[in-house]
Amino acid sequence: IKDGVLFMGIATTFVLLAFVLPSLFGMLQGMMDVLPLPTRILLGISTASKAYWPWALVSAGAVVAGFRFWLRTETGRLAWDSWKLRMPVLGGVYRASALGRFARTLGTLTRSGVSILPALEIVRKTLGNRLFERSIERVAEETRGGDSLAGPLRKLPFFPSTLVQMIAVGEETGKLDEMLLRIATGQERLMRGRSRTLISLLAPALILVVGAMVGFIVIALLLPIFKM
């Protein structure tokens with residue numbers, strides 16, 4: 001719904017700039033010799049939108065198609081998944097989701113009696129993030145060589161040291177499955193809390209963006225009238 005509000009606001013602004021405002025600007029230019037700066041800025045945007053809107057649509061379609069093709073490549077998918085984990089706000093949500101999925105799946109499998117190497121292979125296919133998948137693949141290789149699970153995980157930059165310590169304690173006490181499920185519960189709770197915070201902030205942010213665009217248009221149209 002919030003994405004629809006933002007899309008409708010942008011679409012309405014584009015229609016105003018490309019098809020409605022040019023006639024009004026023609027009338028205002030006939031009445032005044034020098035238009036105010038906000039009006040001139042809006043006039044330039046409106047003129048460009050009217051002249052180049054077909055090319056803008058074609059360019060936008062080409063960018064979307066190129067981006068989707070890039071995501072199908074191994075390099076593109078790895079770069080995109082890595083960037084998602086480093087995003088300023090959403091990165092924490094993605095990271096908590098992946099960590100929770102990792103701990104929940106691995107804990108459930110080990111509790112069911114599946115050995116660690118087959119369990120890691122199953123977990124790797126359920127993460128939905130190419131960077132995590134490659135990292136868990138390396139962890140499985142090192143674990144196959146006789147290392148503990150906590151050792152390779154400690155080398156991963158996106159794996160918190162607190163969680164690694166909990167896994168190490170679980171391995172030492174023979175309660176790895178219990179510790180993994182406890183980690184999963186904590187990460188899932190963290191993800192839900194951050195998601196609720198983002199959703200609560202998204203609606204005011206969208207209203208502010210749409211309101212700023214509409215407010216600028218109104219001010220740019222009213223200033224010449226006030227000057228006259």
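Note: the structure precedes this text.
Here the residue numbering is sequential within each chain, running from 1 through the sequence in written order. Reporting in this predicted model follows two pLDDT cut-offs: at least 70 for local features of residues, and 80 or more for side-chain atom pairs to be given and counted; totals over whole chains, interfaces and linings ignore these cut-offs and use all residues. The basis for every side-chain value is the complete set of non-hydrogen atoms in the structure, without hydrogens or water.

Asks: I tried to follow the nonpolar core on my own but got confused; where do I start?
Replies: Considering soluble globular proteins, one finds that nonpolar side chains tend to be buried as a cluster. Side-chain atoms within 4.5 Å link the members of a nonpolar core, which is a set of buried Ala, Val, Leu, Ile, Met, Phe, Trp, Tyr and Cys residues. Relative accessibility decides the category of a residue: with a 1.4 Å probe and only protein chains considered, values under 20% of the type maximum give buried, values over 50% give exposed, and everything between is partly exposed. In terms of nonpolar packing, the biggest core is built from 29 residues, with Phe102, Leu106, Leu120, Leu149, Leu153, Phe159 and Ile167 touching the most fellow members. Where helices and strands are cited, they refer to DSSP runs of H or I of at least four residues and of E of at least two residues respectively, numbered from the N terminus. Counting residues per element, the ones that place at least two in this core are helix 4 (90–111), helix 5 (116–124), helix 6 (130–144), helix 7 (150–153), helix 8 (161–173) and helix 9 (176–227). No other element matches helix 4, which puts 6 residues into this core. If near-sequence neighbours (up to four positions away) are discounted, phenylalanine 102 is found in contact with Leu120, Val123, Leu127, Ile136, Leu153 and Phe159. Note on contacts: a residue pair qualifies if any of its non-hydrogen atoms lie within 4.5 Å across the two residues.

Asks: Before we go on, may I ask you to explain the packing of helix 2 (residues 37–72) against helix 9 in this structure?
Replies: Two numbers describe how helix 2 lies on helix 9: the axes approach to 8 Å, and their chain directions differ by 120 degrees. As summarised for this structure, helix 2 and helix 9 are arranged oblique, according to the angle between their axes. The handedness of the crossing between helix 2 and helix 9 is left-handed. Contacts between helix 2 and helix 9 involve Pro38, Thr39, Ile41 and Leu42 on the former and, on the latter, Phe216, Ile217, Ala220, Leu223 and Pro224. Axes here refer to lines fitted to C-alpha atoms; in helices the fit is confined to the stretch in contact. Angles between the N-to-C directions go from 0 to 180 degrees. Working definition: roughly parallel below 35 degrees, roughly antiparallel above 145 degrees, roughly perpendicular at 65 to 115 degrees, and oblique for all remaining angles. A crossing counts as left-handed when the near helix is turned anticlockwise from the far one by less than a right angle, and as right-handed when that turn is clockwise.

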